[in-house]
Amino acid sequence: MKKLVFAANWKLHKNPHETRDFLNSFKQKIENENLGSQNLEIIYFIPATNLESASQILASKQSNIRFGSQNCCAKATGAFTGEISAATVKDLGGQYVLVGHSERRTLFGEKDSLIAEKGVLVQGLGLTPMLCVGESLAEREQGQTEQVVLHQLEAFLTKINLSFPFMIAYEPVWAIGTGKVASLEQVDAVHNFIRKTLIERFKVPNAEQLPILYGGSVKADNASELIRLKNVNGFLVGGASLEVESFLKICLSFQV
Ligand code: PGA
């Protein structure tokens, strides 16, 4: 049975009050579902200002619903005005940090080297980084998808500890927030490429089990086909994670 991971990326949406209401409602609904022995994990990447609210609702360590931040500072502490401390994410009960999202890369100028530094810091604290990789439309049209993804993977994997937990999210930039989901063939090809790269090139321990998520305009109605692809372990969901019902349907898409 492959491991399934469904992650919500709320970006700059919802306040602490809305976060508590949403998570309470979602938690109740998912607990009513019969998930049996399914190896399934749900992760909320929420605004850092709402982490404490999430920790109030998702305090149980036994729960398969976890949370984390969408970014963190590459440095542990110091004079870094406005940054997010990964140690504080941990202190609040967060277990994950999203690193290298394309919006961080393009809007905030984050480079591969900085993203790798964040990954190292996050792992050092015992948290799990989820690295986002993906090509732009121009790069895809020029046939550079594998080259771009490989470069992003290499910059990260040569720095972090491959024996410590981490996850990968493949998000083609042109599919994020555009309603243009990548085709099954496109997703299948890149996920197979990433799995092969983890196994053969980087010799990642347990690479066969390492979660590789797809992201980019995932909705309840395209999730059930995508989740059947061998090397798709789940999704990183933006827009459709902002409503309880639509995200719940995505988390249950493997049953359809
Ligand atoms: P989207 O966002 O689902 O709204 O396309 C995905 C993401 O940015 O992680």
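Going by the structure above, here's the rest.
Values in this document were obtained by computation on a predicted structure and should not be read as measured data. (Residues numbered from 1 in each chain as written. Predicted model: local features only at pLDDT ≥ 70, side-chain atom pairs only at ≥ 80, totals over all residues. Heavy atoms only, no water.)

**Looking at the pairing of strand E5 (residues 128-133)**
As a reminder, the rule being used: For every residue, the accessible area (1.4 Å probe, protein chains only) is compared with the maximum for its type, and the residue is labelled buried under 20%, exposed over 50%, or partly exposed between those bounds. Strands here mean DSSP runs of E at least two residues long; helices mean DSSP runs of H or I at least four residues long; both are numbered from the N terminus. At least two DSSP bridges between two strands are required for those strands to pair.
Along E5, six of the six residues are buried, which leaves the element largely enclosed by surrounding structure. Where burial is concerned, the two faces of E5 agree: the one with Thr128, Met130 and Cys132 and the one with Pro129, Leu131 and Val133 are both buried. Strand direction decides the pairing type here: strand E4 (residues 96-99) and E5, joined by four bridges, are parallel. Looking at the pairing, Val99 lines up with Leu131 of E5. By the bridge criterion, four bridges tie E5 to strand E6 (residues 167-170) in an arrangement that is parallel. Of the residues in E6, the one forming a bridge with Leu131 is Ile168.

**As for the sheet that holds E5**
Condition: Axes here refer to lines fitted to C-alpha atoms; in helices the fit is confined to the stretch in contact. Angles between the N-to-C directions go from 0 to 180 degrees. Here a residue-residue contact requires only that any non-hydrogen atoms of the pair lie within 4.5 Å.
Read around the closed barrel, eight strands run E1-E2-E3-E4-E5-E6-E7-E8, paired in parallel fashion. Averaged over all pairs of adjacent strands, the angle between strand axes in this sheet comes to 25 degrees, irrespective of strand direction. Each of strand E2 (40-46) and strand E3 (65-69) touches helix H1 (residues 16-31); the most contacted strand, E2, lies at about 170 degrees to it.

**A short note on the site of the ligand**
To keep it simple, the criterion reads: Only a single heavy atom is needed: when it lies within 4 Å of a molecule or strand, its residue is near that molecule or strand. Counted as a polar contact is a pair of N or O atoms within 3.5 Å, where, for protein atoms, one must be capable of donating a hydrogen and the other of accepting one, and residues adjacent in sequence contribute only when both atoms are in side chains. When residue character is reported, Ala, Val, Leu, Ile, Met, Phe, Trp, Tyr, Cys and Pro are called nonpolar, Asp, Glu, Lys and Arg charged, and the others, Gly included, polar.
Of all residues adjacent to the ligand, which total 13 residues, the nearest are Lys11, His101, Glu171, Gly177 and Ser217. One of the backbone N or O atoms of Gly238 is found 2.8 Å from an oxygen atom in the ligand. Among the residues making up the shell around the ligand, the classes are represented as four nonpolar, seven polar and two charged.

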